[in-house]
Amino acid sequence: MPPFQCEGIGLTRFIFITGGVVSSLGKGLTSAAIGALLQAHGYTVRVRKLDPYLNVDPGTMSPYEHGEVFVTDDGAETDLDLGHYERYTGVAAARSDNVTTGRIYSEVLAQERRGDYLGGTVQVVPHVTDAIKNFTTADLHGEDFVLCEIGGTVGDIEGLPFLEAIRQLGYDLGPDRSMFVHLTLVPYLSAVGELKTKPTQHSVKELQRVGIRPDILVCRCDRDIPEGLRRKIALSCNLKPEAVVQAVDVDTIYQVPLDYHQQGIEAQILRYFGLEPKPDPDLDSWHEIVKRIRKPEGEVTVAIVGKYTGLHDAYKSLGEALHHGGIANNTRVKLEWVEADVFGGNGSVQALEDVDGILVPGGFGERGSDGKIRAARFARERRVPFFGICFGMQMAVIDAARELAGISTAGSSEFGPCKDPIVGLLTEWRQGDDVQRRQAGGNLGGTMRLGAYPALLEKDSLAAKIYGTTKISERHRHRYEVNVNYKEQLEAAGLRFCGMSPDKALPEVVELEGHPWFVGVQFHPELKSRPFAPHPLFASFIAAALEQSRLV
Ligand code: GLN
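Everything quoted here is computed from the prediction, not taken from an experiment. (Residues numbered from 1 in each chain as written. Predicted model: local features only at pLDDT ≥ 70, side-chain atom pairs only at ≥ 80, totals over all residues. Heavy atoms only, no water.)

1. Brief notes about the pairing of strand β1 (residues 13–19)
Most of β1 sits inside the fold, with 7 of its 7 residues counted as buried. Of the two faces of β1, the one lined by R13, I15, I17 and G19 and the one lined by F14, F16 and T18 are each fully buried. Where β1 lies against strand β6 (residues 145–150), 5 bridges are found, and the strand directions are parallel. Bridge assignment links F16 to a residue of β6, and that residue is C148. Pairing between β1 and strand β7 (residues 178–185): 6 bridges, direction parallel. (Buried < 20%, exposed > 50% of the residue type's maximum accessible area, 1.4 Å probe, protein only. Helix = DSSP H or I, 4+ residues; strand = E, 2+ residues; numbered from the N terminus. Pairing = 2+ DSSP bridges.)

In C-alpha cells, the structure reads:
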C-alpha cells in the first residue's frame with residue numbers, strides 16, 4: 001500500500017464521528033441518522049466504521065461479545081452498526097466500509113514481510129496511520145459525504161492510532177472537506193435533580209489532547225438540556241450554542257433523524273461546508289414510519305426461539321425486520337424472546353401457546369437445537385405461521401425429515417457424526433464462475449458461504465408470490481447446508497424445496513405444503529429489510545401472524 005495521498009479522493013467531504021464518556025450512546029444511529037438527513041437534502045452519502053479491536057473482523061466473535069455480525073453483499077462480516085447505516089440510508093454497505101485494527105495490522109505486517117518497507121522502521125505513525133487513512137478514503141465513487149464513525153470511546157488506548165489518523169486527515173483535507181462530530185453523555189443525577197455537563201467537558205478535553213476539536217457536539221440525555229446548560233457546554237468547548245445538539249432518549253429509533261432535523265443539525269453541517277440547505281427537505285417517509293409505529297391498528301406477538309435471547313443486539317437486524325413487517329401491515333409486533341433450551345427434550349412448549357407466529361433465527365452449535373426443532377414441530381402441527389432463517393430452516397428440515405419422512409436418525413453434521421446428515425458440511429459450491437472449496441477442520445475466520453448469492457424460486461410457490469419474482473439474491477452466512485440428496489424423499493413427505501441455487505445443488509427455500517405459512521430460508525433476509533422498504537418475507541410473515549391472531 002503506497003503512503004497516503006490526498007489527491008485521489010475527489011471532492012468528497014468527510015464527517016468523523018467519535019464518542020466519549022461511555023460506550024453504547026448510539027454513535028452508529030447518530031451517524032446513520034445524519035446520513036439520512038443529508039440524503040433528504042439531495043446529497044449522496046456513504047457511512048463507514050473504523051473499529052479499534054484486534055480481531056480481523058467480528059465474524060469469529062460470540063454474539064454475546066459483539067452483538068450481531070452484519071454481512072454485506074460482497075461477503076464481509078462486519079459490525080452491526082453497518083446494519084443501521086443500511087436501514088437509514090438504503091445504501092448497501094461493502095467490505096470497504098468497515099475496518100478493524102486487526103485488518104490494518106495484517107495488511108501492514110504482510111507488506112513488511114514482502115519487503116515493501118525494506119530499509120525502514122515500520123511504525124504506528126506513519127505506517128499504521130497511513131493504512132487507516134487509505135482504508136478510510138478507498139473505494140469511493142464520488143459520494144458527496146462520507147460519514148466515518150470511530151468505534152469505542154475517546155481515551156481508549158487501542159483507539160489512539162485511529163484518532164491520530166483522522167486528525168491527520170482533517171489536516172490533509174482541510175476544514176472545507178472535513179468535520180468532527182462528538183457524541184457524549186449528559187447524565188441526570190437524581191440525588192441533586194440536575195443534568196451534569198462535566199463528563200462532556202472532560203471528554204472534549206480528552207479529544208483536544210489528541211488534536212481534534214469537535215465542530216458539533218451531540219449530547220445524549222434523558223431529558224431536555226436547558227438553554228443555560230447548553231451555553232455552558234458550548235462555552236467550555238469553543239462552540240456556538242446551536243452546535244450543541246441534544247439527543248434525548250426516544251421511544252422509537254426512527255424518530256432520531258426527525259429530532260436531529262428539528263434542531264437543524266444537517267443545516268449546520270451543510271452551511272459549515274458552504275452548502276445551502278433546502279428549506280423543505282423530504283422527510284415524509286420518516287414521519288410516516290414513526291406514525292405507523294406509534295399508532296398501529298393491530299398487534300401480533302411473535303416468538304423468537306433462539307440461543308442468545310438475553311442480548312437483543314445479537315438479533316439486531318432480525319428485530320428491526322420484524323418491526324418493518326409491522327410497519328408494512330400497520331401493526332405493532334410484540335417480540336417474545338424464548339430461550340430454546342427451555343423446551344429441549346420434553347420441556348413444556350407453554351411459551352409458544354399464545355403467540356401468532358414463531359421464528360427460529362440463525363444460530364450455531366448443538367446447544368438449543370432440540371428446542372428449535374421442537375418449536376418448528378409445534379408450528380407445523382398447530383398450523384402457526386413459522387419462519388425459519390438459516391439455522392432455523394435447517395432445524396425445520398430435520399423435524400420434517402424425522403416426523404414426516406420417517407428418517408428417525410436425521411440430524412446435522414454440525415453436531416458431530418450423523419447417520420443421516422440431512423444438514424451437512426458444505427465443502428464445495430459455486431460462486432459466479434469460481435468453485436469455492438472447504439474442508440472439515442479448516443480456518444474458521446471468513447470461510448463460510450458469505451454474502452449475496454442468487455436463487456431461483458419455483459413459479460407457483462408461496463415464496464415466488466411473496467417476492468413477486470422467481471429470481472432473487474440474498475445474503476448468506478453459513479457453513480452447513482440442507483443435503484440435496486434427501487430432496488425427493490422430503491418432497492414426497494410434503495416439504496417442498498421451492499427455491500434452489502441456480503445450479504440446483506443447494507436448497508435455498510423450503511415450504512410446507514398445506515400449512516398457512518411455513519417458510520424456511522437458508523439466507524438472512526433480515527439484513528436487507530429497511531423501514532421504508534420492509535422485506536417482503538417479513539411483511540408477509542406478519543400478515544400471516546395477523547390472520548392467525550384473528551383465528552384465536
Ligand atoms: N450453524 C449453521 C451453519 O453454519 C447456521 C448458520 C446461521 O444460522 N447463520 O450452517
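2. Quick notes on helix α17 (residues 536–551)
With 16 residues, α17 ought to run about 22 Å at 1.5 Å a step, and its terminal C-alpha atoms sit 23 Å apart, in line with that. Those residues of α17 that sit buried are L537, F538, A539, S540, F541, I542, A544, A545, L546 and Q548. (Expected span 1.5 Å × (residues − 1).)

3. Topic: the pattern of salt bridges
Enumeration according to the criterion identifies 41 salt bridges in this entry. Note that R114 is salt-bridged to D116, the shortest N-O span being 2.9 Å. Judged by its relative accessible area of 57%, R114 falls in the exposed class. Notably, a salt bridge pairs R294 with D251, separated by 2.7 Å at the nearest N-O pair. Residue R294 is located in helix α11 (residues 284–294), and its partner D251 is located in the loop between β11 (244–248) and α9 (256–262); the two are separated by 43 residues in the primary sequence. R294 sits in the partly exposed class, given a relative accessible area of 39%. You can call D251 exposed: its relative accessible area is 58%. A single network of salt bridges, built from pairs that share partners, joins R46, R48, D97, D139 and E143. (Salt bridge = Lys/Arg side-chain N within 4 Å of Asp/Glu carboxyl O.)

4. Notes on the environment of G306
The topology assignment puts G306 in strand β12 (residues 298–306). Residue G306 is classed as buried on the basis of its relative accessible area, which comes to 0%. C-alpha of G306 to C-alpha of F391: the two residues are 85 residues apart in sequence and 9.9 Å apart in space.

5. Notes on helix α13 (residues 369–382)
Taking 1.5 Å of rise per residue, 14 residues should cover 20 Å, and α13 covers 20 Å from first to last C-alpha, within 8% of that figure. Where burial is concerned, most of α13 is hidden: 10 out of the 14 residues are buried. Within α13, the full set of buried residues consists of S369, G371, K372, I373, R374, A375, A376, F378, A379 and R380. Against β12, β14 (357–360), β15 (386–389), α14 (391–403), β24 (507–512) and β25 (518–521) lie the buried residues of α13. Just past α13, the residue R383 takes up positive phi, approximately 60 degrees. (Contact = heavy atoms within 4.5 Å.)

6. With respect to the site of the ligand
For the ligand, the full set of nearby residues is G362, G363, F364, C390, F391, Q394, E414, R477, H478, R479, Y480 and H524. Here R477 contributes a backbone N or O atom positioned 2.8 Å from a nitrogen atom of the ligand. In isolation the ligand offers 290 Å² of accessible surface; the protein chains occlude 99% of this area. Listed by contribution, the elements that provide at least two residues to the shell around the ligand are α14 and β21 (471–478). The class makeup of the residues in the shell around the ligand is 4 nonpolar, 5 polar and 3 charged. (Near = heavy atom within 4 Å. Polar contact = N/O pair within 3.5 Å; in protein donor to acceptor, adjacent residues only side chain to side chain. Areas by Shrake-Rupley, 256 points an atom, 1.4 Å probe, with all protein chains shown as cover. Nonpolar A, V, L, I, M, F, W, Y, C, P; charged D, E, K, R; others polar.)

7. Quick word on the sheet that holds β21
Overall, mixed pairing links the 9 strands, which are arranged β13-β12-β14-β15-β25-β24-β23-β20-β21 in an open sheet. In this open sheet, the two edge strands, each paired with only one partner strand, are β13 (331–339) and β21. Averaged over all pairs of adjacent strands, the angle between their axes in this sheet comes to 25 degrees, without regard to strand direction. Alignment of strand β23 (residues 495–500) against β24, held across 5 bridges, turns out to be antiparallel. In the sheet register, F497 faces β24, and the bridge partner there is V510. Its contacts with the sheet place helix α12 (residues 316–328) against β12, β13, β14 and β15, and it is angled at close to 150 degrees to β13. (Axes fitted to C-alpha atoms, helices over the stretch in contact; angles between N-to-C directions.)

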